[in-house]
Amino acid sequence: MHPLLTAFLLFATLAIKTAHSKGEDQKGNHSTLQWGPCDPAIVQDPSVSCTFFEIPLDYHDPTAGYGRIAVAKANATGERRGSLFFNPGGPGGSGLVSLNGNAQVLLNTTGRNYDIVSWDPRGVGPLTIPGDVFCFDSMSEYDTFWNGTIELSGIEMTGNFTDPSDIHALLSHATIMQDKYEEFGRRCLQHSAGKDLRYVGTAATVRDMVALADALDGPGSPVNYAGISYGTVLGSWFINMFPERVGRVILDGVINPLLVATEETSVFWPQILADSDKVYQGFVTGCALAGPSGCAIAQANQSAADVDATIQALLKRAHDAARANSSVPVTSADIRLELFAAMYDPTEWAALANTTYPQVAAAVDAETSQASSSALASRGLRKRQASDTVMNFDTNAILCSDSVDPRGTPMIDVFKNIILESRSGSQMFTAIWPNSFYSCPFWPVRAVERYQGPFNKTLANKVLVVSNVFDPVTPLSDAEVLAGLLGDDARLVIQRGFGHTSIHSPSQCLHKVFLAYLINGTLPEGNDTICDVDEDFELFVGVNAEAILAQFNSL
């Protein structure tokens, strides 16, 4: 998130330009790119260089005008085999920021034989045009707009959302939240980025990437791509929009493209949480195995169920305190959000249990005893920042632009589905709010181009699909769907680990699969390859992924 002034200054200081060229087909700048140092406010890694690349706003309407994407590259140090384009997901993730932090890891994954190229897609960052999507001029304006709503407080609930008072409280917000979300959409349209919102979307980003590949590796060259999380939507669209251009493609942490093409985001979000409670179960299991010396939530000889009961009791105390006083600093909604964030990355589990949890528990105890807590004030679990930093809504813009056409779904139906899915789906995390996926039925814009299938094209080269066995937001079942759609053109590899995508857990087995595929195109014979996480990778002291999985009866 960048203030508007900062965005302008960063743009002014990135003194890297491309030649201005409009080809007859109006498909962007195919001239030689001029690489140079990156803006140090965004990229500090000296091995990464940057440039701009011109794009048409609408590939089917040359009169719409032009924009540009900010591009970053880490050069291969071995025998160069071309470019590998990388998207970090989101949607709304910055390719520049991601490459700055992960250039060496990505190079090592390819055997250092590919230039790693990433970029800030349309609707992302202060340098790309159209870039960051703003709807408010300050955080105070944001807070004022949402004051008194669940956008700031979150949804209070316990158990599996059966308490009549919790149900009534949520449903009573339906009218105001629908009005607010519709007004929010109008504000975004009227703000600085509003006129270009229809040009922000994944189909156009696919075309930008293919045009960039033409410029870097030659017209018609195979496009090599790695995408994680929402980057697999970009990947699924790419391989089916341009099946003849498919080179080496890795899709890790898959969102089922059929859901994006056919369902409202507010409906399919609970579906992609299918394994999130299992990841949470992995967390409490690891905590119990570690015991009190390795996990502050646990007591001696406790089971995973005992650890869960301790957390549920904390959630109930925070919930009751918030019901008694809506201004308490920490609510059960805040704690759920903190837990959910940690489910993405198992390397954070020990810190959550041993640092965050004791602070939160002390804060909740202070709330329930009507005491004050200076520790809580310094922690600040709240979802918004008490500063004048301007919040962007890049995720909303891309996610909702890609979504199906609005179907007139009222907010009360969104709320009722949250209640239902909290009972039949993820009890822990369905009710997390605010959530961009719940905003799209009320977002006023769809992209000028969306790809909605088919997703089973015959590809020029086979692709690699990867999934953790338990992923909180991209379940293994979605990867199995995509691999099934692609048939013999895809191979599925499963990593026996937890967290969102394979990247948070080291696996020599998976690393070898990546290298074999990227260097010589070799893939496993079938879809039954399973890679263990490295044995010495511990989620708690003395507890690795295999020890936790051994407690799961189904595995």
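Please read all numbers here as calculations on a predicted model, not as lab measurements.

A. Fine view of helix α5 (residues 164–171). Listed as buried for α5 are D166, I167 and L170. With its buried residues spanning 100° around the axis, α5 presents them on a single face. When the buried face of α5 is taken as reference, the exposed residues oriented beyond 90 degrees from it are P164 and H168. Buried positions along α5 lie against α4 (150–153), α6 (174–190), α12 (304–324) and α17 (411–424).

B. Summary view of the confidence of the model for the protein chain. For the protein chain, the mean per-residue pLDDT works out to 91, and 90% of the residues sit at or above 70. Per-residue pLDDT stays below 50 along residues 371–380; that stretch engages in 12 contacts with residues further than four places along the chain or on separate chains. With pLDDT under 50 throughout, residues 382–387 is counted as low confidence; its partners more than four residues away or in other chains account for 19 contacts.

C. How the structure looks around the pattern of salt bridges. Enumeration over the complete set of coordinates arrives at 16 salt bridges. Residues R207 and E449 are paired through a salt bridge, measuring 2.8 Å at the closest nitrogen-oxygen approach. Pair noted here: R207 is in helix α7 (residues 202–217) and E449 is in the loop between α17 and β8 (463–470), with a separation of 242 residues, a long-range link. For K278, the salt bridge is made with D275, and the minimal N-O distance between the two is 3.7 Å. Its relative accessible area of 41% is what places K278 among the partly exposed residues. Overall, the relative accessible area of 9% leaves D275 in the buried class. When salt bridges with common partners are traced through the structure, they connect R80, D115 and D217 into a single cluster.

D. Representation of the packing of helix α13 (residues 332–344) against helix α14 (residues 349–368) within the structure. Here α13 crosses α14 at 175°, and the two axes come no closer than 11 Å. Taken as axis vectors, α13 and α14 run roughly antiparallel relative to one another. Residues I335, E338, L339, A342 and M343 of α13 lie in contact with α14, whose contacting residues are W349, L352, T356, V360 and V364. When the residues that make up the contact of α13 with α14 are grouped by side-chain class, the tally is 8 nonpolar, 1 polar and 1 charged.

E. Geometry of the environment of L420. With respect to the element layout, L420 can be found in helix α17. L420 sits in the partly exposed class, given a relative accessible area of 48%. Placed 150 residues apart in sequence, L420 and P270 show a C-alpha to C-alpha distance of 9.9 Å.

F. View of the packing of aromatic side chains. Summed over the entire model, instances satisfying the criterion amount to 30 aromatic pairs. Both rings, one in W146 and one in Y181, keep their centres 5.4 Å apart while their planes meet at 65°; by these two values the pair is edge-to-face. Of this pair, W146 sits in helix α3 (residues 139–146) while Y181 sits in helix α6, placing them 35 residues apart in sequence. Residue W146 shares its accessibility class with Y181, and that shared class is buried. The positively charged end of R68 is found above the aromatic ring belonging to F52, 4.7 Å away from the centroid.

Procedures and definitions
Residues numbered from 1 in each chain as written. Predicted model: local features only at pLDDT ≥ 70, side-chain atom pairs only at ≥ 80, totals over all residues. Heavy atoms only, no water. Buried < 20%, exposed > 50% of the residue type's maximum accessible area, 1.4 Å probe, protein only. Helix = DSSP H or I, 4+ residues; strand = E, 2+ residues; numbered from the N terminus. Arc of directions from axis to C-beta. Contact = heavy atoms within 4.5 Å. pLDDT = per-residue confidence, 0-100. Salt bridge = Lys/Arg side-chain N within 4 Å of Asp/Glu carboxyl O. Axes fitted to C-alpha atoms, helices over the stretch in contact; angles between N-to-C directions. Parallel < 35°, antiparallel > 145°, perpendicular 65-115°, else oblique. Nonpolar A, V, L, I, M, F, W, Y, C, P; charged D, E, K, R; others polar. Phe/Tyr/Trp six-rings, centres within 6.5 Å; stacked < 30°, edge-to-face > 60°. Lys NZ or Arg CZ within 6 Å of the ring centre and 35° of its normal.

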